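# Structural features, examined
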Amino acid sequence: MPNKLTAETPLVVASHNQGKIREIRELLAHYGLRVKTASELNLEEPEETGTTFEANAELKALASAKATGLPALADDSGFAVDALDGDPGIYSARWAGPDKDFAMAMRNVEEKLQQKGATAPEDRSCHFVAVLCLAWPDGETQFFRGEVKGTAVWPPRGDKGFGYDPMFLPEGHDITFGEMTSDQKHGWKPGGKDGLSHRSRAFKLFADACLEG
Ligand code: IMP
């Protein structure tokens, strides 16, 4: 029987990425949970040596759970472009370099799409992936994966999100994640908890499995 979290359980969010932390806080608040982040607790950021989203989420969550003795939640996520064989994928953060220059990372994606002749929308399919790992101090782990499909657009549009949001047009929508408010990106409907973004979809699975009530 997996461990369950309650609103009183202190939870550590194993991330140092401010864009993600903002969204994770909003998503957890939606489920009544409050958190401390790894950056607030001055925890070290482990090197992401895994070759899958799951492996990287697990190593981040376990490092924070072991360091604090508290349950820890990590998100490993990325932007995967089909015509680029899923790149940048697990290397999404690294494509932005040490300066975290996502304008450059998006240009790089666009250049590679142009080199492949992928100019028509149907050749530019892509998706975001988020894998959440909840790790307990005893080493138990649970995983939740959310994905959202879309089209890579150029030029980038909007300045509301982070990372690759401005070039991601989610299926069935006419504005990019970069043009959406965070509530639109989460995709919450009044009275419902359905998600739009990869992250809110993963959080719904996490909440259903791990939260009391
Ligand atoms: P990591 O999970 O810390 O390795 O980094 C994931 C990277 O994927 C982020 O730095 C972003 O570049 C990208 N990414 C993940 N989720 C999103 C999102 O919701 N919007 C835009 N970019 C994202």
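Report on the accompanying structure.

Reading the values: the criteria
- Residues numbered from 1 in each chain as written.
- Predicted model: local features only at pLDDT ≥ 70, side-chain atom pairs only at ≥ 80, totals over all residues.
- Heavy atoms only, no water.
- Helix = DSSP H or I, 4+ residues; strand = E, 2+ residues; numbered from the N terminus.
- Buried < 20%, exposed > 50% of the residue type's maximum accessible area, 1.4 Å probe, protein only.
- Salt bridge = Lys/Arg side-chain N within 4 Å of Asp/Glu carboxyl O.
- Core = buried A, V, L, I, M, F, W, Y, C linked by side-chain atoms within 4.5 Å.
- Contact = heavy atoms within 4.5 Å.
- Near = heavy atom within 4 Å.
- Polar contact = N/O pair within 3.5 Å; in protein donor to acceptor, adjacent residues only side chain to side chain.
- Areas by Shrake-Rupley, 256 points an atom, 1.4 Å probe, with all protein chains shown as cover.
- Nonpolar A, V, L, I, M, F, W, Y, C, P; charged D, E, K, R; others polar.

## Examining unusual backbone geometry
Here Asp87 and Pro88 are connected by a cis peptide whose omega angle stands at -5°. By the secondary structure assignment, Pro88 is in the loop between β3 (72-81) and α3 (102-115). Phi at Asp85 takes a positive value of approximately 55°, unusual for a residue other than glycine. Relative to the elements of secondary structure, Asp85 occurs in the loop between β3 and α3. We classify Asp85 as exposed; its relative accessible area is 72%. We note that Lys100 has phi near 50°; this positive angle belongs to a residue other than glycine. In this structure, Lys100 sits in the loop between β3 and α3.

## Side note on the pattern of salt bridges
Under the definition given, this model contains 14 salt bridges. For Lys185, the salt bridge identified is with Glu23, shortest N-O distance 2.8 Å. Taken as a pair, Lys185 in helix α4 (residues 182-186) and Glu23 in helix α1 (residues 18-30) lie far apart in primary sequence, 162 residues in all. Overall, Lys185 belongs to the buried group, its relative accessible area being 3%. With a relative accessible area of 2%, Glu23 lands in the buried category. With a shortest N-O distance of 2.6 Å, Arg124 and Glu110 are connected by a salt bridge. Of this pair, Arg124 sits in the loop between α3 and β4 (125-135) while Glu110 sits in helix α3, and the two are 14 residues apart along the sequence.

## Side note on the nonpolar core
Here is a general trend for soluble globular proteins: nonpolar side chains tend to be buried in one another's company. Counting 22 residues, the largest nonpolar core has Leu11, Leu28, Leu73, Leu134, Phe203 and Phe206 as the members making the most contacts within it. Only β1 (11-13), α1, β4 and α5 (198-210) provide two or more residues apiece to this core. Here this core takes 5 residues from α5, the largest share from any one element. Leu28 has contacts with Leu11, Val13, Leu33, Val35, Leu73, Phe203 and Phe206, leaving out every residue within four places of it along the chain. Within the second largest apolar cluster, 20 residues are counted, among which are Phe79, Ala118, Met167 and Leu196.

## What to know about the site of the ligand
For the ligand, the set of nearby residues contains 19 residues, the closest of which are Lys20, Phe102, Asp165, Lys185 and Arg199. One of the side-chain nitrogen or oxygen atoms of Asn17 is found 3.4 Å away from an oxygen atom of the ligand. Between the ligand and the protein, one listed contact pairs a nitrogen atom with a side-chain N or O atom of Asp165 at 2.6 Å. Relative to its free-state accessible area of 490 Å², the ligand is covered by the protein chains to the extent of 96%. Elements with a minimum of two residues in the shell around the ligand: β3 and α5. The element that contributes the greatest number of residues to the shell around the ligand is β3, accounting for 4 residues. Taken together, the residues that form the shell around the ligand break down as 5 nonpolar, 6 polar and 8 charged.

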